[in-house]
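The chain contents come next:
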Amino acid sequence: MTKNKTNTLCENTADINNQKKYADRVRALLLEKEARLGRKMSVYVQTFGCQQNEADSERILGSAISLGYVQSEKLEDADLIIYNTCAVREHAELKALSKTGQLKHIKSKNPELLVGLWGCMVNQEHRVDDIKNKYPYVDFVAGTNMLHRLPEILCDVMENHRRRYYVDDGDYSIVEGVPVKRESDIKGWLSIMYGCDNFCTYCVVPHVRGRERSRRPEDVLSEAKELIDGGCRDITLLGQNVNSYGKGLDCGIGFADLLESIAKMDGDFWLRFMTSHPKDVSDELIRVIKENEKVARHFHLPVQSGSNGILRRMNRKYTREDYLGVVEKLRRAVPDITLTTDIIVGFPGETEEDFEQTLDIVRIVGFDSIYSFIYSPRHGTPAASMEDKVTYEEKTERFARLMELHHEKIVEINNGYVGKTIKVLCETPANESDRGEYGGRCTGNKLIKFTAEPGTDLYGKFVDVEITRAGDVQLYGELRKQ
Ligand code: SAH
Ligand code: SF4
């Protein structure tokens, strides 16, 4: 768990300069290895968890490549394997640990291999102890705030031939300029802030990602411009609670201003954001969405529960009435907006009546997608010590009922698209289009499968698709003549 230390919000230039020195030493060590082994040294980064982790992994990979590694397509061929881990639910941790266990075998075959665990899971003391004691073939761990320190970490491990543990030390300065290797050239993550101050009682994120801090607007805007100029067509602004962007920066720019500034940039692109906390959705934000066509017609608004009692014990700071009020305002301003949500089933003490309230809110709103999770107790969080009489069987049964209701609603919602023609960003590369089957997403973030002349190069283009059929997770259609 992280210590509470005051944040410095400016970038830490001293640290960047330090890293340059380490980077030179790592480059030299890699060249020496390459000469000895007669091959390039390669890196493989695998992500567990959320979009923020995906964005961080692109920095880890970019940083490793800048040191001289080449990207390995296969885990088994790599000389540096980094797993970027998640701690939000136990399942995610167990998966990362089990995958880590499998590396023992690979490591025994390649004595050059370095193994690192990164991110949320290893920013918890008890997990670091697990790694120290049970996974001797892991060479280093690094917490979420170590992104700019990969050169130092690798240098330390390579030169000293020791296992190293770079757990977050509570220094939450933002360091700009970490190299990035993006997975897609048409879709891009753009982190606008880090950490979280909300402390929902079930959630480990504030404990493993530290206090909330925002990047300076000029840094965000220049990265947005870079993405747009580089041909990116779909940008997602990332933060645990994007609505509180700017707090602590004292520059008078809030999230709605930032969103509007990017939406007004030249270029053909959609602009998304996640995640919004329902307690902070402002009228100004709704106005910006309404007035700027480039802002995608999709709002991810996690409700977590429909019961006021549970919301209070979750420390969510809104009621079901507040939530429904936000939904109504959004729909009044932007009638075609799609709404998605997160729901936790089986929070400690959740009664049948509480759960009925959640079903009720799903019935009223009609979400386009629901990410639902069975509550998972998290080490050190208040909810983990709350009394819980709900059995696992009851929780799974409620989960199934929630999914069943959502299924009924989504079929109805998606059928409403049939016969309409909608704009889709095609994500199928030309070399995968020989069967005339293409895929992409619309402004509402729905997945669209469509047919067109085989071999047409539509990758990264906005095209008109007529919807002919609706499924529960995707829509199907045909390309309209352009
Ligand atoms: N900052 C975002 C996302 C946080 S984690 C937000 O506030 O919405 C993503 C989702 O994981 C949460 O919305 C919540 O639904 C779920 N989650 C978090 N902690 C959980 C836990 N202990 N058990 C089950 N689901 C959890
Ligand atoms: Fe977790 Fe709540 Fe922060 Fe989201 S807002 S990251 S759920 S503490």
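A brief structural summary. Source: prediction; values computed, not measured. One numbering rule holds for all chains: residues counted from 1, following each sequence as written. Chains carry letters from A onward and ligands carry numbers from 1 onward, assigned in written order. Given that this is a predicted model, residues contribute local features only at a pLDDT of at least 70 and side-chain atom pairs are listed and counted only at 80 or more, while totals for whole chains, interfaces and linings are drawn from all residues. Only heavy atoms go into the side-chain values, all of them from the structure, while hydrogens and water stay out.

**A look at the site of ligand 1**
By convention in these notes, a residue is near a molecule or strand provided one of its non-hydrogen atoms lies within 4 Å of it. Every one of the 15 residues lining ligand 1 counts as a neighbour, but Arg 89, Gln 240, Gln 304, Asp 342 and Ser 376 are closest to it. Identification of polar contacts relies on pairs of N or O atoms within 3.5 Å, with a donor-acceptor requirement for protein atoms, meaning one able to donate a hydrogen and the other able to accept it, and with residues adjacent in sequence counted only if both atoms are side-chain atoms. In the model, a nitrogen atom of ligand 1 is placed 3.0 Å from a nitrogen or oxygen of the Tyr 202 main chain. Between ligand 1 and Ser 376 there is a distance of 2.7 Å, counted from a nitrogen atom to a backbone nitrogen or oxygen. Method for areas: the Shrake-Rupley scheme with a 1.4 Å probe, in which residue coverage is limited to the protein chains shown. Surface burial for ligand 1 is 90%, taken as the share of its 530 Å² of free accessible area covered by protein chains. The numbering of helices and of strands both runs from the N terminus, where a helix is a DSSP run of H or I of at least 4 residues and a strand a run of E of at least 2. For the shell around ligand 1, the elements supplying multiple residues, two or more each, are strand S13 (338–345) and strand S14 (369–374). When the residues that make up the shell around ligand 1 are grouped by side-chain class, the tally is seven nonpolar, four polar and four charged. Asp, Glu, Lys and Arg are counted as charged, while Ala, Val, Leu, Ile, Met, Phe, Trp, Tyr, Cys and Pro are counted as nonpolar; the rest, among them Gly, fall into the polar class.

**Here we look at helix H13 (residues 352–365)**
When the terminal C-alpha atoms of H13 are compared, their 20 Å separation across 14 residues agrees well with the 20 Å that a helix rising 1.5 Å per residue should span. What H13 keeps buried is the set Asp 354, Phe 355, Thr 358, Leu 359, Ile 361, Val 362 and Val 365. What you see down the axis of H13 is that its buried residues fit within an arc of 155 degrees, all on one side. A contact between two residues is defined here by any heavy atoms of the two lying within 4.5 Å. Here the buried face of H13 lies against helix H11 (308–313), helix H12 (320–333), S13, S14 and helix H14 (392–415). Among the residues trailing H13, Gly 366 stands out with phi positive, at a value near 70 degrees. In a helix, the anticipated span is given by 1.5 Å times the number of residues less one. Exposure is judged per residue with a 1.4 Å probe applied to protein chains only, and the accessible area is read against the type maximum: over 50% gives exposed, under 20% gives buried, and values in between give partly exposed. In this context, the arc is that of the directions from the helix axis out to the C-beta atoms.

**Comments concerning the pairing of strand S4 (residues 114–119)**
Burial of S4 is extensive: six of the six residues sit out of reach of the surface. Note: strand S3 (residues 80–85) against S4, six bridges, orientation parallel. In the sheet register, Leu 80 faces S4, and the bridge partner there is Leu 114. Paired strands, in this sense, are two strands between which DSSP finds at least two bridges. Pairing between S4 and strand S5 (residues 140–142): three bridges, direction parallel. Residue pairing across strands places Leu 117 opposite Val 141, the latter belonging to S5. Taken together, S4, helix H5 (residues 125–134) and S5 form a β-α-β motif whose crossover is right-handed. Think of it like this: strands point away, you trace from the first strand over the helix to the second, and a clockwise trace means the crossover is right-handed.

**Section: helix H10 (residues 283–291)**
Those residues of H10 that fall on the buried side of the exposure criterion are Leu 285, Ile 286, Val 288 and Ile 289. For H10, the angular spread of the buried residues around the axis is 160 degrees, confining them to a single face.

**What about the pairing of strand S10 (residues 234–238)?**
Counting buried positions along S10 gives five out of five residues, so the element sits mostly inside the fold. Going residue by residue along S10, you find Asp 234, Thr 236 and Leu 238 tucked away on one face and Ile 235 and Leu 237 tucked away on the opposite face as well. As judged from the five bridges shared by strand S7 (residues 187–191) and S10, these two strands associate in the parallel manner. Bridge pairing in S10 links Lys 187 to Asp 234. Across five bridges, S10 lies against strand S11 (residues 270–274) in parallel orientation. Directly across from Asp 234, in S11, lies its bridge partner Trp 270. At this point the chain moves from S10, through helix H9 (residues 255–263), to the parallel S11, and the crossover so formed is right-handed.

**Quick look at the packing of H13 against H14**
Following both chains from N to C, one finds H13 and H14 inclined at 15 degrees, their axes separated by 10 Å at the closest point. The angle between the axes of H13 and H14 places the two elements in the roughly parallel class. Judged by the twist between their axes, the crossing of H13 over H14 is right-handed. Seen from H13, the contacting residues are Glu 352, Phe 355, Glu 356, Leu 359, Val 362 and Arg 363; seen from H14, they are Arg 398, Arg 401, Leu 402, Leu 405 and Lys 409. Residues of the contact of H13 with H14, tallied by class, amount to five nonpolar, no polar and six charged. Angular values range over 0 to 180 degrees, each being the angle between N-to-C directions of two axes fitted as lines to C-alpha atoms, with helices fitted over their stretch in contact. Roughly parallel covers angles under 35 degrees, roughly antiparallel covers those over 145, roughly perpendicular covers 65 to 115, and oblique covers all other angles. Left-handed is the label given to a crossing in which the near helix is rotated counterclockwise from the far helix by less than a right angle, and right-handed is the label when the rotation is clockwise.

**Structural notes on the sheet that holds S10**
Spatial strand order, S7-S10-S11: three strands in an open sheet with parallel pairing. The sheet is open, and its two edges are formed by S7 and S11, each paired on a single side. Strand-to-strand twist in this sheet, taken as the mean axis angle between neighbours without regard to direction, amounts to 25 degrees. Sitting on the sheet, helix H2 (residues 51–67) is in contact with S7, S10 and S11, with an inclination near 95 degrees to S7.

**A look at the pattern of salt bridges**
Pairing is possible between side chains that carry opposite charge, provided their charged atoms lie close to one another. We define a salt bridge as a side-chain nitrogen of Lys or Arg found within 4 Å of a carboxyl oxygen belonging to Asp or Glu. Evaluated as defined, the whole model comprises 47 salt bridges. Between Lys 247 and Glu 212 there is a salt bridge, with the nearest N and O atoms lying 3.6 Å from each other. In this pair, Lys 247 is assigned in the loop between S10 and H9 and Glu 212 in the loop between helix H7 (205–209) and strand S9 (213–214), connecting sequence segments 35 residues apart. According to the relative accessible area criterion, Glu 212 is buried, its value standing at 8%. Here Arg 287 ties to Glu 260 by a salt bridge, and the two come within 2.9 Å at their closest N and O atoms. One end of the pair, Arg 287, is in helix H10; the other, Glu 260, is in helix H9, with 27 residues separating them in the sequence. The class for Arg 287 is partly exposed, based on a relative accessible area of 25%. Residues joined in a network through salt bridges with shared partners are Glu 58, Arg 59, Glu 176, Arg 182, Arg 215 and Glu 223.

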